[in-house]
Amino acid sequence: MMRFWTLPGAVLLAIFTAAGPAGAQPQTIENELVLITPVARTLTDPALADFVKYAKERWNVDVKTSALAAGTPVAYGRIVEWKGRPDADIFWGGESALFDKLAEQKLLAPLDLPKGVVDSIPASIGKPKPIPLKDPNGYWIGTVLEPYGLVYHPKLLARLGVPEPKDWDDLLHPKLKGNVVQCAPTRSSSSHATYEVILQRDGDAKGWEWLKRLAANTGLFTARSRDVPSVVARGEFAVGFAVPSYMAFEDRLAGHEIKFVAPKTAWITPEPIGILAGSKRPRAARAFIEYMLSERGQRMAMERGVFPITPKYRVQGKPGSQAEMAVEFTGGVRSYFDVEVTNIYDDDKAQARYQEVNSQFRKDIEAVVEDLKKKY
């Protein structure tokens, strides 16, 4: 017995914690969680609020949560500057290529999620260029599917004599001159990704010509991507370009008569999530990710206008529910695993020339937009 009790206290604590008084007990989580994210509060706020309830029910822990809002490039830069001593626990949202770069720099921790959770998410979706939905090395995983499409005001379009848009080219209708709103790709990752969709669809020369014509039809470049659906909802403009589905849905929930459509080649992001290396609260971080991928987390997200990341769930609810409103709002889609997803967006190519595209936008569109309006 004397030899037993001379073991270091930490070893004894580990032995008793592992065994527990009645065998295995679920390990508790830390009482705080901090995100850094470009995802809008319209999704992060309800996600964190429901996670707080979930943590209380499962572990009887009162978790204090917060989110550092930052655009994708800013969030990535801040994580790099932290050098493994982060002020946040989780990076959520943005391009998966940035998560790969963080993993290469050893700034993400392995997720170590249950095998069943990981296996429930397919490796990719779409063709000819499959969109990866999870990291084969286990450093990030998708949370929801979110298309970047078009939001429009049906009544205003009818007054203009313009058909409801179905694809990108519909925005070049001459009667839409001055009635399109967008956010500059220098300010919005969704806008930047959609610029790349056009450039990769048409090639650089034809693609930039298309984007110049779009600029000629544009009545306003907003300061934030979130403002695009809002001004359409108020009837100030007829169509918004490159809008994340859930941002537009918030205005529909507020009672505005707007609709959303994802064109055939719309970029669909899996909104990746990863745990930052050096996180002070890794168990809470992992618990949040497991919550987001559970049926409860997926249902919460689907009611905000995004789509399930796994084939086993569908956007579905009682008549009149937010889930059914989301289905109607997005043209009847319940799951992107039920429809043919056409993806032409090459994330690696887009990331390699990110600043180049922004620079060309400033020079060929932003600086001469009034001239473009006279030309086209």
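The structure under discussion appears in the preceding block.
Since the model is a prediction, treat every value here as computed from it, not as a measurement.

Participant: Sorry if this is basic, but what is going on with the layout of surface pockets here?
Facilitator: By rolling a water-sized probe across the atoms, one finds the places where empty space is left. Of the pockets and cavities examined, the largest pocket occupies roughly 690 Å³. If you trace the largest pocket, you find 34 residues lining it, with Pro38, Gly71, Arg187, Ser225 and Met247 closest to the centre. When residues of the lining of the largest pocket are traced back to their parent elements, those giving at least two are helix H3 (41-59), helix H4 (72-82), strand E9 (144-152), helix H8 (189-202), helix H11 (245-253) and helix H16 (354-364). Take the lining of the largest pocket: its biggest share by element is 4 residues, from H16. By residue class, the composition of the lining of the largest pocket is 14 nonpolar, 13 polar and 7 charged.

Participant: Got a minute to help me understand the environment of Pro114 in this structure?
Facilitator: Mapped onto the fold, Pro114 is located in the loop between strand E4 (108-109) and helix H6 (115-119). On the accessibility criterion, Pro114 (36% relative accessible area) is partly exposed.

Participant: What is the right way to look at the packing of aromatic side chains in this model?
Facilitator: Overall, the coordinates contain 19 aromatic pairs when judged by the stated rule. With centroids separated by 6.4 Å and ring planes inclined at 40 degrees, the aromatic side chains of Trp210 and Phe241 adopt a geometry described as tilted. Pair noted here: Trp210 is in helix H9 (residues 204-217) and Phe241 is in strand E12 (residues 239-244), with a separation of 31 residues, a long-range link. Using a relative accessible area of 1% as the deciding quantity, one classes Phe241 as buried.

Cut-off values and rules
- Residues numbered from 1 in each chain as written.
- Predicted model: local features only at pLDDT ≥ 70, side-chain atom pairs only at ≥ 80, totals over all residues.
- Heavy atoms only, no water.
- 1 Å grid on protein atoms, 1.4 Å probe; cavity = no way out; pocket = protein on both sides within 12 Å on 5 of 7 lines; lining within 4 Å.
- Points joined across faces, edges and corners; volume = space filled by probe spheres on them.
- Helix = DSSP H or I, 4+ residues; strand = E, 2+ residues; numbered from the N terminus.
- Nonpolar A, V, L, I, M, F, W, Y, C, P; charged D, E, K, R; others polar.
- Buried < 20%, exposed > 50% of the residue type's maximum accessible area, 1.4 Å probe, protein only.
- Phe/Tyr/Trp six-rings, centres within 6.5 Å; stacked < 30°, edge-to-face > 60°.

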